[in-house]
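Here's the letter readout for the chains.
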Amino acid sequence: MALSDDQLERYARHIVLREVGGAGQAKLLKSRILVVGAGGLGSPMILYLAAAGVGTIGIVDFDEVSLSNLQRQIAHRTRDVGRLKTESARDAANAINPDIKIVPHSERLTSFNIMQLLENYDIVADGSDNFATRFLLNDACYFARKTLVSGAVTEFDGQLATYRAWDRQAGQKYPCYRCLFPEAPPREEAPNCSETGILGAAAGVVGTLQALETMKEILGLGESLAGRLLIYDALSSLFRTVKVPPDPACNLCGTSPRITGLSAHTAA
């Protein structure tokens, strides 16, 4: 696709990168990314993907903006309190870049609607804050053969990985989310941020990294995080990456899977 004069100026710092160029920017403009959650992780993801010129960004969230969100959810403003997060994030993204399309999905994810949602997107970026949604997205992306870029953050720590266990090209076998977390931990071992707190900028770091990894997947740049887990410790200012092998006993992608379809399920 030919870029307009305005696009050439807007995306000039991408275009001068040899690894991106005009062809790469055209890929970004043609791409369709589904961001799940417009909160602490989703906010920086949406804004950076919008600024980068990702052509279509879907936003899934059924919640409304509250005052306590604003300490970390930078896509929203004080005047947005009480609005749907999808609408607030849409307006913030379009204020940065009116050149792209934002599609709000103001609904709760369930096993009944998720496959239809995924049909319209190339990559899924998970910024949710609960295990039910993460498991549902992992399973749905596996069956739909969609790349999943998943992030999580608690208090002062974050983690990030890319999952595409369905991709067996060149004999490579990647893990899925269930290879790392076969089942959700007990509720008392996984409290939410309203109970434990969270340093706002830590969510910003992880969400920004998610946007970066999503762009790498679109452009085919560098080394993917598929098969690796990136761990961030804000208090130590340390990043470390660990290899994650596929689990042959995984209930989803293992040699004898028990999960062969999506059960009736609603994400929290």
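Residues numbered from 1 in each chain as written. Predicted model: local features only at pLDDT ≥ 70, side-chain atom pairs only at ≥ 80, totals over all residues. Heavy atoms only, no water.

Let us look at the overall build of the protein. Broken down by element type, the protein carries 10 helices and 8 strands. Computed over C-alpha atoms, the radius of gyration of the protein comes to 18 Å, within 12% of the 18 Å expected from 2.2 N^0.38 for 268 residues, which places it in the range of a compact globule. Here the C-alpha coordinates of the protein stretch approximately 55 × 45 × 40 Å along the principal axes. When the 268 residues of the protein are sorted by exposure, 51% land in the buried category. Measuring between centres, the 27 positive side-chain charges of the protein sit 5 Å from its 29 negative side-chain charges. (Helix = DSSP H or I, 4+ residues; strand = E, 2+ residues; numbered from the N terminus. Rg over C-alpha atoms; globule rule 2.2 N^0.38 Å. Buried < 20%, exposed > 50% of the residue type's maximum accessible area, 1.4 Å probe, protein only. Lys, Arg positive; Asp, Glu negative; His and termini not counted. Charge placed at Lys NZ, Arg CZ, Asp CG, Glu CD.)

Tracing the sequence through the fold places Gly37 in the loop between strand 1 (32-36) and helix 4 (42-52). Note on Gly37: relative accessible area 11%, which makes it buried. Sequence-wise, Gly37 and Asp129 are 92 residues apart; in three dimensions their C-alpha atoms are separated by 8.0 Å. If we ignore the near neighbours within four places in the chain, the residues touching Gly37 are Gly42, Ile46, Val60, Asp61 and Gly127. (Contact = heavy atoms within 4.5 Å.)

Turning to a nonpolar patch on the surface, a few remarks are in order. Taken together, the side chains of Phe156, Leu199 and Leu235 present a nonpolar region at the surface, about 290 Å² in accessible area. Counting through the fold element by element, Leu235 comes out in the loop between strand 7 (228-233) and strand 8 (238-243). (Patch = residues over 30% accessible without salt bridge, like charges linked within 9 Å, V, L, I, M, F, W, Y side chains within 5 Å. Areas by Shrake-Rupley, 256 points an atom, 1.4 Å probe, with all protein chains shown as cover. Salt bridge = Lys/Arg side-chain N within 4 Å of Asp/Glu carboxyl O.)

A separate point is the nonpolar core. Residues Val35, Leu49 and Ile57 are the most contacted members of the largest nonpolar core, which totals 41 residues. Take this core: its biggest share by element is 7 residues, from helix 10 (residues 200-219). Those residues in contact with Val35 that sit more than four places away from it in its chain are Gly42, Met45, Ile46, Leu49, Ile57, Gly58, Ile59, Val60 and Ala125. In terms of nonpolar packing, the next biggest core, distinct from the first, is built from 21 residues, Leu34, Leu109, Tyr177 and Leu229 among them. (Core = buried A, V, L, I, M, F, W, Y, C linked by side-chain atoms within 4.5 Å.)

The next thing to look at is the sheet that holds strand 3 (residues 101-105). The strands making up a sheet associate through backbone hydrogen bonding, with each pair oriented either parallel or antiparallel. The sheet built from 8 strands is open, its strands ordered 3-2-1-4-5-6-7-8 with mixed pairing. In this open sheet, the two strands that pair with only one neighbour each are strand 3 and strand 8. Going from strand to strand, the sheet's axes swing by 15° on average, the running direction of each strand aside. As paired elements, strand 2 (residues 56-60) and strand 3 share 5 bridges and run parallel to each other. Counterpart to Ile59 in the pairing with strand 3 is Pro104. (Pairing = 2+ DSSP bridges. Axes fitted to C-alpha atoms, helices over the stretch in contact; angles between N-to-C directions.)

Another aspect to go through is the environment of Leu212. With respect to the element layout, Leu212 can be found in helix 10. With 75 residues separating them along the chain, Leu212 and Leu137 place their C-alpha atoms 20 Å apart.

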